[in-house]
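An overview of the molecular structure
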Amino acid sequence: MVIFIRSRALISRALVTSGVCATLVAGAAAGPAHAARNAAGPPAVPSLSALSWEVMDARTGTVLAARAPHRRLPPASTLKTLFAVTVLPHLRQDTVHRASWADLAEVAEGSSEVGVAEGHRYTVADLWRGVFLSSGNDAVHTLARLNGGLSRTLGQMQATARRIGARDTQVRSPDGFDTPGQYSSAHDLALIAREGFKNPDFRRYMGTKFARFPASGGPDAYEIQNTNRLLVGSHGVEPYPGLIGVKNGYTTQAGTTLVSAATRAGRTILVTVMNPQDGDFNQVYEESRTLLDWGFATPTPQPPKQQAGPLRAAAPATAPTHQDPEEAPGLPRHLGAAAALLLLTCVPLILRRRLRARRNRP
């Protein structure tokens, strides 16, 4: 009787152990496969014609995707963002200035202008609206003289670029007009815009759609409109929902360039597009729209715990990849434990056979 009871106990223990083993094996095999099937990856990166572009999460500074982000290209008027980051802190917005011939003497022929007129009075705020809305090189040069002169301003702009880690940028003009030896990159322009976001005046001007120039009015005042078509919606371009700025540009050498930022559900995506090769003048806006849509469709990156230096572009994002179950890092450990438990189940079965054989002996 004792032998029979002991055998039943051994059999029950073997059944329980076998059940545990089966559960572990099933979980080990199915768990990674289930996780792989349910992993949510970013959408495929768009294929664009721009020579260089970058998508950045503005809060963390994480580069989400890029193509040739450090390629040095003429920036056109997007370089005005560096001018604004550099000079805005040095000039009071309510300062009134009477424009002179000297202010306009070095404006290059063929420049875009807001219409600064010699002998007319403008506040510094008027001139900044001329910079951001009309991309006025005449306003840039007037502000540069108020800042201490062209040479001093160019030196400060270069120093600002180095300070924020924009190492692909070489400054030769304050307004971005085609000048030999002047260049920037998609990554640098994103860094510059992100630096500008820290200044409330920069944020206000970059998002202004319409203004009176000058704001004080008078018989010679007129309305100016932001030339960023993605912001205001013009010339066949639909405005982008949530767009907050920042700056567009065009020159013969640079082609079309655009730095744009939009906010959605508390998240800001920053996009730089330089010189699209396909389509018409509006192509830079449509490729920027595509990248903004893509950026908002990607998971929000976690901020880095420690930033060791200036941000560098990551490798371009690719289509999502899934881990095969056989390659899951925890699978060998689970299978090894399951095999060991299965081996243990054999011990009670062997004992049962020996007990039965002993009971049947004459």
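Just so we're clear, the structure is a prediction, and the values are computed from it rather than from any experiment.

**A few points about the pairing of strand β7 (residues 243–251)**
- Buried residues dominate β7, accounting for 7 of its 9 residues.
- Where β7 and strand β8 (residues 255–264) come together, 8 bridges link them in antiparallel fashion. Bridge assignment links T251 to a residue of β8, and that residue is G255.
- Between the antiparallel neighbours β7 and β8 lie 3 residues.

**Remarks on the layout of surface pockets**
- Here the largest pocket is characterised by a volume of approximately 440 Å³.
- Lining the largest pocket are 26 residues, with S77, S112, S135, G249 and Y250 positioned closest to its centre.
- If you tally residues by element for the lining of the largest pocket, the top one is β7, at 4 residues.
- For the lining of the largest pocket, the per-class residue count stands at 5 nonpolar, 17 polar and 4 charged.

**Focus on the packing of helix α4 (residues 124–132) against helix α5 (residues 137–146)**
- Put simply, α4 and α5 touch, their axes get as near as 8 Å, and they point 140° apart. Here α5 runs oblique to α4, going by the angle between their axes. The interaxial crossing formed by α4 with α5 has left-handed handedness. Counted together, V124, L127, W128, G130 and V131 of α4 and A139, V140, T142, L143 and L146 of α5 form the full contact between these two elements.
- Classifying every residue of the contact of α4 with α5 by side-chain character gives 8 nonpolar, 2 polar and no charged.

Criteria and thresholds
- Residues numbered from 1 in each chain as written.
- Predicted model: local features only at pLDDT ≥ 70, side-chain atom pairs only at ≥ 80, totals over all residues.
- Heavy atoms only, no water.
- Buried < 20%, exposed > 50% of the residue type's maximum accessible area, 1.4 Å probe, protein only.
- Helix = DSSP H or I, 4+ residues; strand = E, 2+ residues; numbered from the N terminus.
- Pairing = 2+ DSSP bridges.
- 1 Å grid on protein atoms, 1.4 Å probe; cavity = no way out; pocket = protein on both sides within 12 Å on 5 of 7 lines; lining within 4 Å.
- Points joined across faces, edges and corners; volume = space filled by probe spheres on them.
- Nonpolar A, V, L, I, M, F, W, Y, C, P; charged D, E, K, R; others polar.
- Axes fitted to C-alpha atoms, helices over the stretch in contact; angles between N-to-C directions.
- Parallel < 35°, antiparallel > 145°, perpendicular 65-115°, else oblique.
- Left-handed = near helix turned anticlockwise from the far one by under 90°.
- Contact = heavy atoms within 4.5 Å.

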